[in-house]
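# Coordinates in review
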Amino acid sequence: MSVVDFLWRFPSVQMAWRNLGRNKLRTVLAALGIIIGVVSICSLGMATAAIQQQATSQLGSIGNEVSITSGQDSDTDGVTDDQVDTMRNLVTDAEVVPQKTNSTSVSSRNGQEVRVSVTGVTNAAALYNLTSGEAPSRLLSGALLSNSTATTLGIEEGDPVEYDGQLYRVQGLIEEENAFGFGGGELVLPESALSEQNHYDTVTIVAADSSTATEIGGELDQYFNTEDEEQLSINTFGNAGQVGGFLETLSLALLAIGGISLVVASVAILNVMLMSTVERRGEIGVLRAVGIRRSEVLRMILTEAALMGTLGGLIGVLLSLAAGLVIFQMITGDPLGALQWSGAQYLVYGFGFAVVASILSGVYPAWKAANDRPVDALRG
C-alpha cells in the first residue's frame, strides 16, 4: 500500500498530513526538538551500554581474583615470605601467586626505548594469557613482554631484552587486557631477577570463580586483620555485579537527563498544536457544522501530533544509530556492538518516548478543538 492509498483510506490521517504541511517551518522546528531529544536519550543510553560492556569484559578476567598488598599498619613495606606461606596453608583450593614489581626501559636494536613496568613472578601461567608463545607455570628463565611494547620496538620471540645488566630472551607476548603492569607495557621476568627486593609488592590469589574469591578474601581478612589494625590490604574483584548495578543506575540517570530534552520538545509540540487549532478554529467549526463528529476532530489533531513524533523519532533514531556506531568504536573497538540489544534497545526506547510524548502533547489541543461549539468556532 502506497502512502497516498493509506492517506485516502484514513481521512483523519490525510487531513493531519495536509495540516502539517501548511506551516512547514513551524513543523520542522517542532520536529527538530523531537530529533534532539531522541538523539540525547539514545546516545547517552548507548554510551552507557558501551561502557558497561567494556567494564564487564575487563572485570570478567579478574573477577575470580584476590589482590593482596601491604596494609597501612604493617611493619614491612611489602608482603613477607611468612605471610605468603600462611596464605598457602589457609588457601588450599586456589593458586597463590606472589609478585615483585619494578620499572625499567626496554630498548630496540635501533636505540628506541619504551618505559615498562617489571613483574617478577614464578607461576606466570596463572596470571597471563599470551598472543604468542606459552606462559610457563614455572618461569625460571626467559621473559614475557606485552604485545604493544614488542610491536613498538620490533621485538619478536627469541629476541633478548635487558634488565639490571642481565639479558633475558622473550618467550611470549602478553595480551594487553591481561597485563598487570601500569603505564601500558609490562616485562615479566623470573622472580629471581628481582631478588634484591626482600618482600613481595603484591600477592594475587586466583580462585575457581568470583564467589570463591570473595570467600577467600573474607577468610584472609579475618585472619590477618582486626578492627583496629590492618596488616594486609585485601581486595576482591568478585563483586563485579555491584559495578553493573552502578552502571545501570548511571544509565537511568543519563536517560532522565536525555528525557528532559524530549519534555522540552513536547512543550514545543503542545505550542504548535495549540497555534494550529487556533488558526484553524473557523475551519474546524465548518467541519463540525457539516456533521464531522467530535471523535473525528479529536483523532485528526492527535494524528498530527503522532505524525510529528513519528517523523522526528525516525530521523532521531537514524542519527542515533550513526552516533552509536561511533561511540562503540571509540569505547569498545567494536562498532557492531551498537546493533546488539544492549545498545539497540535505547533506539526503541527513544522512538517510543518520542511518539508517546508527542501524542500526550496533542491531547489538550485535540480536546479543546473537539469540544469547541461549532457556533463559537464559526463566529471566531
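Residues numbered from 1 in each chain as written. Predicted model: local features only at pLDDT ≥ 70, side-chain atom pairs only at ≥ 80, totals over all residues. Heavy atoms only, no water.

## Focus on helix α6 (residues 210-224)
- Compared with an ideal rise of 1.5 Å per residue, which puts 15 residues at 21 Å, α6 spans 21 Å between its outermost C-alpha atoms and is within 8% of the ideal.
- Of the residues making up α6, those classed as buried are Thr212, Ala213, Ile216, Gly217, Leu220 and Phe224. An end-on view of α6 places all buried positions within 140 degrees of arc, on one side of the element. In α6, those exposed residues whose orientation departs by more than 90 degrees from the buried face are Glu215 and Gln222. (Helix = DSSP H or I, 4+ residues; strand = E, 2+ residues; numbered from the N terminus. Expected span 1.5 Å × (residues − 1). Buried < 20%, exposed > 50% of the residue type's maximum accessible area, 1.4 Å probe, protein only. Arc of directions from axis to C-beta.)

## Topic: the packing of aromatic side chains
- Per the counting criterion, the structure on display carries two aromatic pairs.
- Measuring from ring centre to ring centre gives 5.0 Å for Tyr223 and Phe224, while their planes differ by 75 degrees; the resulting arrangement is edge-to-face.
- Taken together, a centroid distance of 5.8 Å and an interplanar angle of 90 degrees make the contact between Tyr346 and Tyr349 edge-to-face. Taken together, the positions of Tyr346 and Tyr349, both in helix α10 (residues 341-370) and three residues apart, correspond to about one turn of that helix.
- You can call Tyr349 partly exposed: its relative accessible area is 41%.
- If you follow Lys100 out to its NZ or CZ, it ends over the ring of Tyr200, 5.3 Å from the centre. (Phe/Tyr/Trp six-rings, centres within 6.5 Å; stacked < 30°, edge-to-face > 60°. Lys NZ or Arg CZ within 6 Å of the ring centre and 35° of its normal.)

## Section: the nonpolar core
- Ranked by internal contacts, the top residues of the largest apolar core, which has 30 residues, are Met273 and Met308.
- Per element, the largest residue contribution to this core is 10 residues, and it comes from helix α3 (residues 24-60). (Core = buried A, V, L, I, M, F, W, Y, C linked by side-chain atoms within 4.5 Å.)

## Points about the UniProt feature "transmembrane region" (unreviewed entry) in the protein
- Mapped onto this structure's residue numbering, the UniProt feature "transmembrane region" (unreviewed entry) falls at residues 28-51, 252-276, 297-326 and 346-367.
- Here residues 28-51 is 100% helix and 0% strand, with 34 Å between the C-alpha atoms at its ends. (UniProt positions renumbered as here; feature names shortened; annotations may be inferred.)

## Quick word on the packing of helix α9 (residues 294-331) against α10
- Contact geometry of α9 with α10 gives a least axis separation of 7 Å together with a crossing angle of 155 degrees. The angle between α9 and α10 places the two elements in the roughly antiparallel class. Crossing of α9 over α10 shows right-handed handedness.
- Partitioned by chemical class, the residues of the contact of α9 with α10 number 21 nonpolar, seven polar and one charged. (Axes fitted to C-alpha atoms, helices over the stretch in contact; angles between N-to-C directions. Parallel < 35°, antiparallel > 145°, perpendicular 65-115°, else oblique. Left-handed = near helix turned anticlockwise from the far one by under 90°. Nonpolar A, V, L, I, M, F, W, Y, C, P; charged D, E, K, R; others polar.)

## Some points on the environment of Ser117
- Considering the arrangement of structural elements, one finds Ser117 in strand β3 (residues 113-120).
- Here Ser117 falls in the buried class, since its relative accessible area comes to 11%.

## Some words on the pairing of strand β6 (residues 160-163)
- Every second residue of β6 is oriented toward a common face, the buried set being Val161 and Tyr163 and the non-buried set Pro160 and Glu162.
- Here four bridges tie β6 to strand β7 (residues 166-174), and the two strands are oriented antiparallel to one another. Its bridge partner being in β7, Val161 is matched across the sheet by Tyr168.
- The turn joining β6 and β7, which pair antiparallel and follow one another in sequence, is formed by two residues; a positive phi near 55 degrees is taken by Asp164. (Pairing = 2+ DSSP bridges.)

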